[in-house]
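In case you want the letters, here they are:
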Amino acid sequence: MTMTHSAPDTGRPVFDAVIFDQDGTLVDTMDVIFEAFVNTLLRFADRRVSREELFRGMGPPAEEMRRGYIPKPLFPEAIEFFFGHYHRATDRIRLFPGVQEALERLDGAGVKLGLFTGKGRRGTRWTLDLLDLAGWFTSPVTGDDVERYKPDPEGVLRAMSAA
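What counts and what doesn't
Counting restarts for each chain, with residues numbered from 1 along the sequence as it is written. Where totals are concerned, whole chains, interfaces and linings use all residues; where local detail is concerned, this predicted model gives features only for residues with pLDDT of at least 70, and gives and counts side-chain atom pairs only at 80 or more. To get the side-chain values, take all heavy atoms of the structure and skip hydrogens and water. Strands here are runs of E lasting at least two residues and helices are runs of H or I lasting at least four, both read from the DSSP assignment and numbered beginning at the N terminus. We call a residue buried when its accessible area falls under 20% of the maximum for its residue type, exposed when it is over 50%, and partly exposed in between, using a 1.4 Å probe and counting protein chains only. Should any heavy atoms of two residues lie within 4.5 Å, those residues are considered in contact. Axis angles are defined between N-to-C directions and span 0 to 180 degrees, where every axis is a line fitted to C-alpha atoms and, for a helix, only to the segment in contact. Definitions for this section: a left-handed crossing has its near helix turned counterclockwise from the far helix by less than a right angle. A right-handed crossing has that turn clockwise. Polar here means any residue other than Ala, Val, Leu, Ile, Met, Phe, Trp, Tyr, Cys and Pro, which are nonpolar, and Asp, Glu, Lys and Arg, which are charged; Gly is therefore polar. We call two N or O atoms a polar contact when they sit within 3.5 Å, provided that within protein one can donate a hydrogen and the other can accept it, with sequence-adjacent residues counted only if both atoms are side-chain atoms. Two distance rules govern patches: like charges are joined within 9 Å, and nonpolar side chains (Val, Leu, Ile, Met, Phe, Trp, Tyr) within 5 Å, applied only to residues with over 30% relative accessible area and no salt bridge. Accessible areas in this description were obtained via Shrake-Rupley with a 1.4 Å probe; residue shielding takes into account the shown protein chains only. Any Lys or Arg side-chain nitrogen located within 4 Å of an Asp or Glu carboxyl oxygen qualifies as a salt bridge.

Draft legend 1. Highlighting the overall build of the protein chain. Scanning the protein chain from terminus to terminus reveals seven helices and four strands. In the protein chain, the succession of α and β elements from N to C terminus is β-β-α-α-α-α-β-α-β-α-α. Buried residues in the protein chain amount to 40% of all 163 residues. Here the contacts in the protein chain between residues at least 6 apart in sequence split such that 69% fall between residues at least 24 apart.

Structure below.
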């Protein structure tokens, strides 16, 4: 990877920070997330959901998204079921090619690295720890940290302030 946006005569990047999203940007998790949702909704709401329907509703943390489908008394058990499915798929959760190198290069150039994900704090921390990404981002901003979910800019603005 080459950095083409540098300040004239310095070789330094013209930006101070880069804010990343987690799922589908840094980490290949979308299939696992979809399967965990499908299995959870089938078990606790007897509902089938298409990939398109699920991803159209992405933005809030997964816990919040399931509230629209799962009866309230079953919700705590459904959350644990979802995370159990997600955690059993560790062999399928990986960084996209080039991510590690990009993070190293940006960090080496003095660029601050930020993270904003719609995923909740619990899932974000687990994924960052699983893939040894936690050290790259000092203050990740998650869907649990904002009042207004994606596509509202609140999370990105918070991540910019934290980076």
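Draft legend 2. Molecular detail of the packing of helix α1 (residues 30-45) against helix α4 (residues 75-87). Two elements in contact, α1 and α4, have axes separated by 9 Å at closest approach and are oriented at 145°. Judged by the twist between their axes, the crossing of α1 over α4 is right-handed. Contact residues: α1 offers V32, I33, E35, A36, F37, N39, T40, R43 and F44, while α4 offers E77, A78, F81, F82, H85 and Y86. Each residue belonging to the contact of α1 with α4 can be placed in one class, and the counts come to nine nonpolar, three polar and three charged.

Draft legend 3. Main features of the side chain of E154. Tracing the backbone through its elements, the reader meets E154 in helix α7 (residues 154-162). Look at E154 and you get buried, because its relative accessible area is 8%. Of the polar contacts made by the side chain of E154, one reaches the backbone nitrogen of R148; its length is 2.8 Å. When sequence neighbours within four positions are dropped, the list of residues in contact with E154 reads D145, V146, E147 and R148.

Draft legend 4. The arrangement of the environment of T117 in detail. Counting through the fold element by element, T117 comes out in the loop between β4 (112-115) and α6 (121-130). T117 gets classed as buried once you look at its relative accessible area, which sits at 1%. C-alpha of T117 to C-alpha of V156: the two residues are 39 residues apart in sequence and 8.8 Å apart in space. In this structure, T117 is in contact with D21, Q22, D23, T124, V141, T142, G143 and K150, ignoring residues within four places of it in sequence. Here K119 takes part through its backbone nitrogen, which lies 3.1 Å from a polar atom of the side chain of T117.

Draft legend 5. Layout of a nonpolar patch on the surface. Taken together, the side chains of V156, L157 and M160 define a hydrophobic patch exposed on the protein surface, amounting to about 270 Å² of accessible area. Residue placement: L157 occurs in helix α7.

Draft legend 6. Summary view of unusual backbone geometry. Omega for the bond connecting K150 with P151 falls within 30 degrees of zero, at 10°, which places this linkage in the cis form. In this model, D46 sits at a positive phi of 50°, which is unusual for a non-glycine residue. With respect to the helices and strands, D46 occurs in the loop between α1 and α2 (51-56). On the basis of relative accessible area, D46 is assigned to the exposed category, the value being 69%.

Draft legend 7. How the structure looks around the side chain of T29. Mapped onto the secondary structure, T29 falls in the loop between β2 (27-28) and α1. When sequence neighbours within four positions are dropped, the list of residues in contact with T29 reads D23, G24, Y86 and I93.

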